[in-house]
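Per-entry structural report
Given next are the chains, with one letter for each unit.
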Amino acid sequence: MSSPPISMSRSAAPNQPAAVYPVRALMLLGAGLAAMYLPTFWMLAHSVWATDEQGHGPLILGACAWLLWDMRGAMFARGGQAAPLRGLLVLMVAVVAYAVGRSQQVPELEVGSLLLSLTASLLLLCGVQGLRVAWFPLVFLVFMVPLPGALVQFLTMPLKSAVSVVAEQALYLMGYPIARTGVTLTIGQYQLLVADACSGLNSLFTLEALGFLYMKLMNYTSKTRNVILGLAIVPISFVSNVTRVMILVLVTYYFGDAAGQGFMHGFAGMVLFVVALSLTYGLDRLLAARFDQHGGARGTR
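Let me sum up the structure you'll find in this document. This structure is a prediction, so every number in the text was calculated from the model and none was measured.

Pairing geometry for strand 3 (residues 178-181) and strand 4 (residues 184-187), over 4 bridges, is antiparallel. Each bridged residue has a counterpart across the sheet, and for Ile-178 the counterpart in strand 4 is Ile-187. As consecutive antiparallel partners, strand 3 and strand 4 are separated by 2 residues, and within that stretch Gly-182 has a phi angle of approximately 65°, a positive value.

Side-chain pairs of opposite charge can arise whenever the charged atoms involved come near each other. Enumeration over the complete set of coordinates arrives at 4 salt bridges. A salt bridge links Asp-284 to Arg-225; the nearest nitrogen and oxygen atoms lie 2.9 Å apart. Taken together, the positions of Asp-284 in helix 11 (residues 263-291) and Arg-225 in helix 9 (residues 223-255) put the pair 59 residues apart, joining distant regions of the chain. Several salt bridges converge on common partners, so that one network encompasses Arg-225, Asp-284 and Arg-285.

Where strand 4 meets strand 5 (residues 190-193), 4 bridges bridge the pair, whose relative direction is antiparallel. Following the sheet pairing, Thr-186 is matched in strand 5 by Gln-191. The hairpin turn running from strand 4 into strand 5, its antiparallel successor, is 2 residues long, and Gly-188 in that turn takes a positive phi close to 60°.

Let's shift gears to the sheet that holds strand 4. Taken in spatial order, the 3 strands line up as 3-4-5 in an open sheet, and their pairing is antiparallel. Sheet topology places strand 3 and strand 5 at the edges, where each strand pairs with a single neighbour. Strand-to-strand twist across the sheet, computed as the mean angle between neighbouring axes with direction ignored, equals 20°. Contacts between helix 7 (residues 149-173) and the sheet are confined to strand 3 and strand 4, with strand 3 contributing the most and set at about 160° to the helix.

So, about the packing of helix 7 against helix 9. Two elements in contact, helix 7 and helix 9, have axes separated by 9 Å at closest approach and are oriented at 60°. Classified by the angle their axes make, helix 7 and helix 9 are oblique. Regarding helix 7 and helix 9, the two cross each other, and that crossing is right-handed. Of the residues in helix 9, those in contact with Ala-162, Val-163, Val-166, Ala-167, Ala-170 and Leu-171 of helix 7 are Phe-238, Asn-241, Val-242, Val-245, Met-246, Val-249 and Leu-250. Here the residues of the contact of helix 7 with helix 9 are counted per class, giving 12 nonpolar, 1 polar and no charged.

Looking at the secondary structure, you find Gln-129 in helix 5 (residues 107-133). Gln-129 sits in the partly exposed class, given a relative accessible area of 33%.

Turning to the packing of aromatic side chains, a few remarks are in order. On inspection of all chains with the given rule, the structure shows 9 aromatic pairs. A ring pair is formed by Tyr-37 and Tyr-98, whose centres lie 5.3 Å apart and whose planes are at 75°; its orientation type is edge-to-face. Residue Tyr-37 is located in helix 1 (residues 23-45), and its partner Tyr-98 is located in helix 4 (residues 84-103); the two are separated by 61 residues in the primary sequence. Like Tyr-98, Tyr-37 is buried. Consider the rings of Tyr-176 and Tyr-253, whose centres lie 5.8 Å apart with planes at 90°: the pair is edge-to-face. Here Tyr-253 lies in helix 9 and Tyr-176 lies in the loop between helix 7 and strand 3, a separation of 77 residues in the sequence. Among the residues examined, Tyr-176 registers a relative accessible area of 17% and is labelled buried. A relative accessible area of 29% places Tyr-253 in the partly exposed class. Positioned over the ring face of Tyr-220 is Arg-225, at 3.7 Å from the centre of the ring. In this structure, Arg-290 packs its charged tip against the face of Phe-291, placed 5.9 Å from the ring centre.

The rules behind these values
- Residues numbered from 1 in each chain as written.
- Predicted model: local features only at pLDDT ≥ 70, side-chain atom pairs only at ≥ 80, totals over all residues.
- Heavy atoms only, no water.
- Pairing = 2+ DSSP bridges.
- Helix = DSSP H or I, 4+ residues; strand = E, 2+ residues; numbered from the N terminus.
- Salt bridge = Lys/Arg side-chain N within 4 Å of Asp/Glu carboxyl O.
- Axes fitted to C-alpha atoms, helices over the stretch in contact; angles between N-to-C directions.
- Contact = heavy atoms within 4.5 Å.
- Parallel < 35°, antiparallel > 145°, perpendicular 65-115°, else oblique.
- Left-handed = near helix turned anticlockwise from the far one by under 90°.
- Nonpolar A, V, L, I, M, F, W, Y, C, P; charged D, E, K, R; others polar.
- Buried < 20%, exposed > 50% of the residue type's maximum accessible area, 1.4 Å probe, protein only.
- Phe/Tyr/Trp six-rings, centres within 6.5 Å; stacked < 30°, edge-to-face > 60°.
- Lys NZ or Arg CZ within 6 Å of the ring centre and 35° of its normal.

In structure tokens:
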């Protein structure tokens, strides 16, 4: 793909060569990606993204677009060489995956092909150097791919059972008249079924994405610190989800079933993310006491 490059130094870092943007190639690839994936985004907006389980998809897409825009100077810096052969090979795989996913109505494959298409575009435009610069937004897009139904079914029941057990034990130790049968909690005259949405699987996926974005924005230099934060999202998500279930149980106990299933149900979902983000930030501050003194502070962007 040949196009007259345009040199721009506005977005380049002080010690970084001026960026050169192949405008015509960018417009051509942009038009191709739009033709392929705008129908996909429309389908997601009216199906997967309209659910509580995968409603974070547009946020992931927007964050990736912003990150790529912010990295444009480094991606198109002078000195990078396009890799047309590798790019075309990856693009062929992406087109096949998209065609199969679109024709067979497999959203995981159709949406997943976007990662390959963007990878191919970067190889065609700015080569391996640009791909290395933009690795995080591409990996981050994985969180936008819908979870396979078989995986969701496999993990949901064990998570629901664990949440039910911990919530019951915690409320019992606090002196509440609560009992449990499977994933059904009985408190006073009320019975509450822990639904699939309360299993924590979907919130785990969303919170893991937020955790990765948080680490990227903080730009910590310590790999150990980043690994600890990434792994801590799993127990933090579980604790936050147990807190959500306990709040719903207590609201139902004190104010009735209508309150528990009405406004307070949505409010408890907000509490989940507030608790999770507070615990993540608190853990980060504890880690700062050690790693900020041992070369693990924030690096320069």
